[in-house]
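# Results of the structural survey
The lines below spell out each chain.
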Amino acid sequence: MVFNSLQFLVFFGIVTSAYFLLAHRFRWILLLAASCYFYMAFVPIYLVILLVTIIIDYWAGIYLEKFEGRAKKLFLACSLIANVGVLAIFKYYGFIANNVYHLAYLFGREVHLPSLSILLPIGLSFHTFQAMSYTIEVYRGNQKAERNFGIYSLYVMFYPQLVAGPIERPQNLLHQFYERHVWDSDRVRAGIMQMMEGLIKKVVIADRLAILVDSVYASVGTHSRGQLLLASFFYSFQIYCDFSGYSDIAIGAARVMGFKLMDNFNAPYTAKSIPDFWRRWHISLSTWFKDYVYFSLGGNRVSVPKWYFNIMLVFIVSGLWHGASWNFVIWGFLHGIFQLIGFTLNRFFPQLAAKYATGLIRGIFYRVLTFSLVSLAWVFFRLVHFSEIKAYFKQLIFDLPSNSLLGMNSNEVLFSILLVFGLYYWDFKGLALRNIRSQYFVFLLPFLVAIIYFFGVFSLKQFIYFQF
Amino acid sequence: MKKLLAVLVFVLCAGLLMVSSSQSGMSWLTHARYQPNSLLGSDKYLYGDLYGISYLSNFKYIKDVSAVRPDELISKQKDISLYVIGDSYFYSSFEIIPAYFERVNSIQFYKWDHSPEVKFKFSQARTKRVLLVESVERNVLNLMNKERVAAIFEKPEVIQDKSVFAQINRSIKQILYHPTLEENLSFALFDLALFSKFKELKAELNLSLFGREPAGVKLAKSKDFLYLDQTVDSVADGSSFQLVSEMRLTKLVQDMRQIEDYAKKMGFDEVIFSFIPNPVSVLATEDKSYNQFIPRLENKVGSIHFVNPTDELKQQAKQNFFKSDSHWNQRGAKIWLDLLNKQLLSLPK
């Protein structure tokens, strides 16, 4: 069940109205049942996998609180191994088996690991990370173990953020299931507006840009340099609108019922540097890696070579989190390299940029540079096969003659560019529909529905991040 | 007030979900929607199926849905039981009665997309059993194989994943999630004449501004006909412009022979094949050249009884097809009927 479907509209209507009609003590049961229904709409049986990890983490949490010392570490290890194990089997097994085969082949041997024909459970990386966040926080003493099994299950399964985040922390979410949320018209309006903003990003912008992007990226070797650059430019905004659109709908849907989920995006393409970009992009994941991996490795309080190693490791793992494929590793590697170059330049030439440009120009220069680097990395994110990546860069460098079409006429290209710049301005100014005054709501809502209807592309296209 | 609003939303959404998730609910809704001249009714097919997909207002012609009127037949002899496996080209143009067909005393019709449980019933009377296999050009390569036809006569073996997990998955899906829920909800919520103007405006906006035709539909180069996108797209299966190799045609003829042999073993005396050309194959409005699928096939079929109405439909072609529907009109259907009747008359006694 995708957020941009009528099924979700009806589901949301039923669950939200029932939520406010029910007595507080029954609400968590409703939300848990609704979350199970939502999740099972994809592959029902995968609920069992989720249940297994929930049981393990639930008991691990309780024992982590009871024990100290080595036993405590053991329980944490069990929980982490169970979670990472599920990820390894369902997400990385095929990748590992394939690489073992190729590696052995290099040494003249044939090693065939048994093949598992299993589908990746939807949103596995998201809810696994959320579950790990719980046990780590209990281990660190920042969170009390949850005794109510149903509430803990709901923490992992809360339907708005179950399949594509934001990846919540227990300190932020768990206590909210105990709070009595009353109907607050302002909050409901703000939630609905945020959902509308997300829908606009998804169906009006992302899915329209996808028309050109899909057409060009389907055969990169047959498109001109200009077409490739335009497609890459569009893809940067497609993936942003697709994912932040999802996050907006998730956060908005939760907000209507009175839940406050963490922000996942903060105008990422207005970033002036790669570190700044990562403070604004997929915030719930980047802070997860920072809190649980980067700091655990020592962060920047180590020798410079170790620090650089930590950064590279975090970004490569982050790449692998997105998908079990080498192109995601390269994507993470590139971001790591960009960070290291930035740090190195700052370290040795702190006045370099300031010397050559005024404030305004410097701001534009850094934003364009950051966006270009991020967009370059997105090419590796979008193209899975090395042959495609090779063809892309060959065409980009040599611009060999081509006569392929864009999949859009010039009016639509222009319209799409206007949408992108409109969005950029919206982000740059920090505007948000949820902040709109309540008296405008009655007029604005039908207007937004009309915008979505007339300018939306209704293809029920999956959200890109669902695959992770 | 807030409670009342919540109750209202709950009842509306839950009711909608219940109706859209059940076969009987959808049948009731469909029946209610197709009551004529109501703002809450549906006009999806009133103006032609391609208008119903595209909502291009230039193609909003009321479609004459009356059946072809039967002519007086030549033959007084009624010695044929006709069994038809066909599609909407047949059942939307003719009533399922023998009065249309020369020598026919009884007729049974089987839709290609019927569930396999629906079976032909053989009449005990000793008449000549003739099987007519009819299909529109775009579906021919898909449908013409012995297994597909055999499934109509025998209970087909349904290949399903028999693992426990797969069975649980299937059961849960069947109980909780109707397979066409999204389409049903779309029908329930938006397939109202009330919304047609908005749909037309969106379609016009996309076409005039972005040159984008509604999904599934293609506007003829001559701008006066709508086609199913699949029939015009050169790379789509069933397209009139997709390259079909001689080898593929030879294989198709082999398949037709297998079907004929199979039908004869099942007790049929004769088998007639008739493939109806895609409208775009006949109307020749495009600047691409037709792949001549049906004429080339006709040259290869040899002794197989084959009714090809292409040449006859090409005479005053524009009068034989609806402008906003994927089917022929009554005139086109009558042309085919006359050819079929000639074929029936020519069959041995």
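What you are looking at is a predicted structure, and each value in this text was computed from that prediction instead of being measured. For every chain, the first residue of the written sequence is number 1, and numbering continues from 1 along that sequence. For naming, the first written chain is A and the first written ligand is 1, with later ones following in the order written. Thresholds applied to this predicted model are a pLDDT of at least 70 for local features of residues and 80 or more for the giving and counting of side-chain atom pairs; totals over whole chains, interfaces and linings are not thresholded and use all residues. Just so you know, side-chain values use all the structure's heavy atoms and leave hydrogens and water out.

## Side note on helix H15 (residues 330-346) of chain B
Residues and elements named next belong to chain B. Here a strand is any run of E in DSSP of at least two residues, a helix any run of H or I of at least four, and the numbering for each starts at the N terminus. A helix is expected to reach a length of 1.5 Å times the quantity of its residues less one. The first and last C-alpha atoms of H15 sit 24 Å apart over 17 residues, in line with the 24 Å expected at 1.5 Å per residue. Gln330, Gly332, Ala333, Lys334, Ile335, Trp336, Leu337, Leu339, Leu340, Asn341, Gln343 and Leu344 are the residues of H15 that are buried. Counted as a polar contact is a pair of N or O atoms within 3.5 Å, where, for protein atoms, one must be capable of donating a hydrogen and the other of accepting one, and residues adjacent in sequence contribute only when both atoms are in side chains. If you check the start of H15, you find a side-chain oxygen 3.1 Å away from the backbone N of arginine 331, and it comes from asparagine 329. For every residue, the accessible area (1.4 Å probe, protein chains only) is compared with the maximum for its type, and the residue is labelled buried under 20%, exposed over 50%, or partly exposed between those bounds.

## A few points about the interface of chain A and chain B
Whether two residues are in contact is decided by their heavy atoms, any of which lying within 4.5 Å being enough. Counting residues at the interface gives 34 residues for chain A, matched by 34 residues for chain B. Two parts placed together each lose some accessible area; with a 1.4 Å probe, that loss summed over both constitutes the buried area. In total, about 3000 Å² of surface goes out of reach between chain A and chain B, with carbon and sulfur atoms giving 70% of it. By definition here, a salt bridge exists when the distance from a side-chain nitrogen of Lys or Arg to a carboxyl oxygen of Asp or Glu is within 4 Å. Summed over the shared surface of chain A and chain B, the number is one salt bridge. Across the salt bridge formed by glutamate 412 of chain A and arginine 212 of chain B, the nearest N and O atoms sit 2.6 Å from each other. On inspection of chain A and its partner chain B, the count reaches twelve residue pairs in polar contact (both at pLDDT 80 or more). Elements represented by at least two residues in the side of chain A that touches chain B include exactly helix H1 (6-21), helix H2 (24-40), helix H8 (185-217), helix H17 (410-428) and helix H18 (441-455) of chain A.

## Section: the packing of aromatic side chains
When the centres of two rings from Phe, Tyr and Trp lie within 6.5 Å, Trp using its six-membered ring, the rings pair. Their planes under 30 degrees apart give stacked, over 60 give edge-to-face, and anything left gives tilted. One pass over the full model with this rule turns up 95 aromatic pairs over all chains. Between tyrosine 58 of chain A and tryptophan 59 of chain A the ring centres are 5.3 Å apart and the planes differ by 75°, which places this aromatic pair in the edge-to-face class. Here tryptophan 59 of chain A falls in the partly exposed class, since its relative accessible area comes to 43%. Residues phenylalanine 237 of chain A and phenylalanine 371 of chain A carry aromatic rings whose centres are separated by 5.5 Å and whose planes lie at 35° to one another, so their mutual orientation is tilted. You can see phenylalanine 237 of chain A sitting in helix H9 (residues 225-256) and its partner phenylalanine 371 of chain A sitting in helix H15 (residues 359-382), a full 134 residues away along the chain. There is no split in this pair, since phenylalanine 237 of chain A and phenylalanine 371 of chain A are both buried. We note arginine 33 of chain B situated over the ring of phenylalanine 187 of chain B; from NZ or CZ to the ring centre the distance is 5.4 Å. Here, a charge over a ring is recorded when the distance from Lys NZ or Arg CZ to the ring centre is within 6 Å and its angle to the ring normal is within 35 degrees.

## Describing the pairing of strand S3 (residues 128-136) of chain B
Residue and element names in this part refer to chain B. Burial analysis of S3 places nine of its nine residues in the buried class, the great majority of the element. Of the two faces of S3, the one lined by Lys128, Val130, Leu132, Glu134 and Val136 and the one lined by Arg129, Leu131, Val133 and Ser135 are each fully buried. Across six bridges, strand S1 (residues 80-86) lies against S3 in parallel orientation. What sits directly across from isoleucine 85, in S3, is valine 133. Strand pairing is assigned whenever DSSP detects at least two bridges linking the two strands. Where S3 and strand S6 (residues 270-276) come together, seven bridges link them in parallel fashion. Bridge pairing in S6 links glutamate 134 to serine 274.

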